[in-house]
Amino acid sequence: MTYRLKPEEVERAAELLREGKLVAFPTETVYGLGASIFNPEAIKEIFRVKGRPADNPLIAHVCNFSQIEQIAIELSPRFFRLAKQFFPGPLTLVVKKHARVTDIVSAGRDTIALRMPQNPIAMGLIAELGEPIVAPSANLSGKPSATHFEHVLEDFDGEIAAVIEGEQCALGIESTVLSLLRDPPVLLRPGAITKQMLEDVLDSPIQLADAHTPVAAPGMKYRHYSPNTPIELFYTSQALCLAAQRERRPMILSLQGEVAGCLGEHFVLSPRSLYALFRLADKENYSAILILYDELQAADPALQNRMILSINGAHRPFSKRVLLGKNCF
Ligand code: TXA
Ligand code: MG
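Okay, so let's go over this structure.

What counts, and where the lines are drawn
- Residues numbered from 1 in each chain as written.
- Chains lettered and ligands numbered in written order.
- Predicted model: local features only at pLDDT ≥ 70, side-chain atom pairs only at ≥ 80, totals over all residues.
- Heavy atoms only, no water.
- Core = buried A, V, L, I, M, F, W, Y, C linked by side-chain atoms within 4.5 Å.
- Buried < 20%, exposed > 50% of the residue type's maximum accessible area, 1.4 Å probe, protein only.
- Helix = DSSP H or I, 4+ residues; strand = E, 2+ residues; numbered from the N terminus.
- Contact = heavy atoms within 4.5 Å.
- Phe/Tyr/Trp six-rings, centres within 6.5 Å; stacked < 30°, edge-to-face > 60°.
- Lys NZ or Arg CZ within 6 Å of the ring centre and 35° of its normal.

By size, the foremost hydrophobic cluster in this structure holds 69 residues, and its most contacted members are Phe79, Leu82 and Ile112. Tallying contributions element by element places helix α6 (residues 120-129) first for this core, with 6 residues. When neighbours within four sequence positions are excluded, Leu82 is seen to be in contact with Phe87, Leu91, Leu93, Leu178, Leu180, Leu198, Val201 and Leu202. Of all hydrophobic cores here, the second largest spans 24 residues; its members include Ile173, Tyr235, Leu253 and Ala281.

So this is what it looks like as structure tokens:
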């Protein structure tokens, strides 16, 4: 059985972590599935329940700078500059790992990803435990991340010790991940803290990760964020409306929340709503998720990144229906 803990029950949650159990908790980005960083057996259990490949390292969540110094070494002036500006917040910084942290966390690497979440429940839990908490997003590997505690239960009810019932996550998309191991630093995963914001604070350029970047986040190569319902992207509302006509029950997503003249159920697409809508489509048996895409390109690189990954990752035959080129229409 999975306990549903109220936010004021962090003491109980910390006790479970101390016993080596797994506890899911809210952050400002998405829910995390936590274990104590100093409990290798519990960390192995995270990989098992998620079905996570062992070569995909975990983020260590801290609540103060002295915890950072316990688990990381050789912290650079760049690190302190960014941390001072953005911690706590939706930024994860990859630095050199202290040898006392098990290699299971870092998937054998000598590096560690650090994040200080901007959420009172998460911060309270880490403080109560008195140790950093390692946590991936609290979803089955490959599925959309959990932005509500009910999503966590959809994936893990009966499999983990507890979930803390926080509110819906404020941001809804995972943290920005930046590697400080190279010069210039490399943006491994876009998020709410943008490339421009990072460059402004560093006062120097950063590089975008591509398939050849040696420090790339291993997580970005896997199928990700994918609902079972097929997704199609459209560059024009006419093309989307045509597709909607042949669907039994289309879920229509756009930044405006309404594509004029299209039959179907319309929703506002935003970073905050993306994963919840993907999960809703599966749960309520929509026949397809139809997304008006052109307006998104300029709007939000993080949202765009998650949509592309969720589609490239789609593994069912239906994924052939994904229309990315303009001349598809
Ligand atoms: O917002 C977030 O970051 C959420 C909340 C729970 O904090 N966590 C999250 O964790 O998204 P996860 O495990 O789903 O994604 C972590 C990403 C993966 O792409 C992983 O490969 C990368 O960070 N990562 C972790 N440690 C790394 C390291 N040492 N070097 C390079 N990439 C790393
Ligand atoms: Mg994840």
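This part takes up the packing of aromatic side chains. Aromatic rings considered in pairs are described by the distance between their centres and by the relative angle of their planes. Under the defined criterion, the tally for this structure stands at 5 aromatic pairs. For the pair Tyr235 and Tyr293, a centre-to-centre distance of 5.6 Å together with 90° between the ring planes defines the contact as edge-to-face. Highlighted residues: Tyr235 in the loop between β13 (231-234) and α9 (237-245) and Tyr293 in the loop between β16 (288-292) and α11 (294-299), separated in sequence by 58 residues. The same class applies to Tyr235 as to Tyr293, namely buried. Of the aromatic side chains, those joined through ring pairs into one cluster are Phe79, Phe80 and Phe87. The lysine or arginine in question, Arg12, covers the ring of Tyr3, its NZ or CZ lying 5.4 Å from the ring centre. Seen from the ring of Tyr286, Arg249 lies directly overhead, with NZ or CZ sitting 3.9 Å from the centre.

Note the cis peptide between Phe87 and Pro88, where omega equals -5°. By secondary structure assignment, the location of Pro88 is in the loop between α4 (77-86) and β6 (91-97). The peptide bond linking Asp183 to Pro184 adopts the cis configuration, its omega dihedral lying at 0°. A positive phi is found at Glu74, a non-glycine position, where the angle reads about 55°. On the basis of relative accessibility, which here comes to 63%, the residue Glu74 falls in the exposed class. Of note, Ala107 is a non-glycine position whose phi angle comes to about 55°, a positive value.

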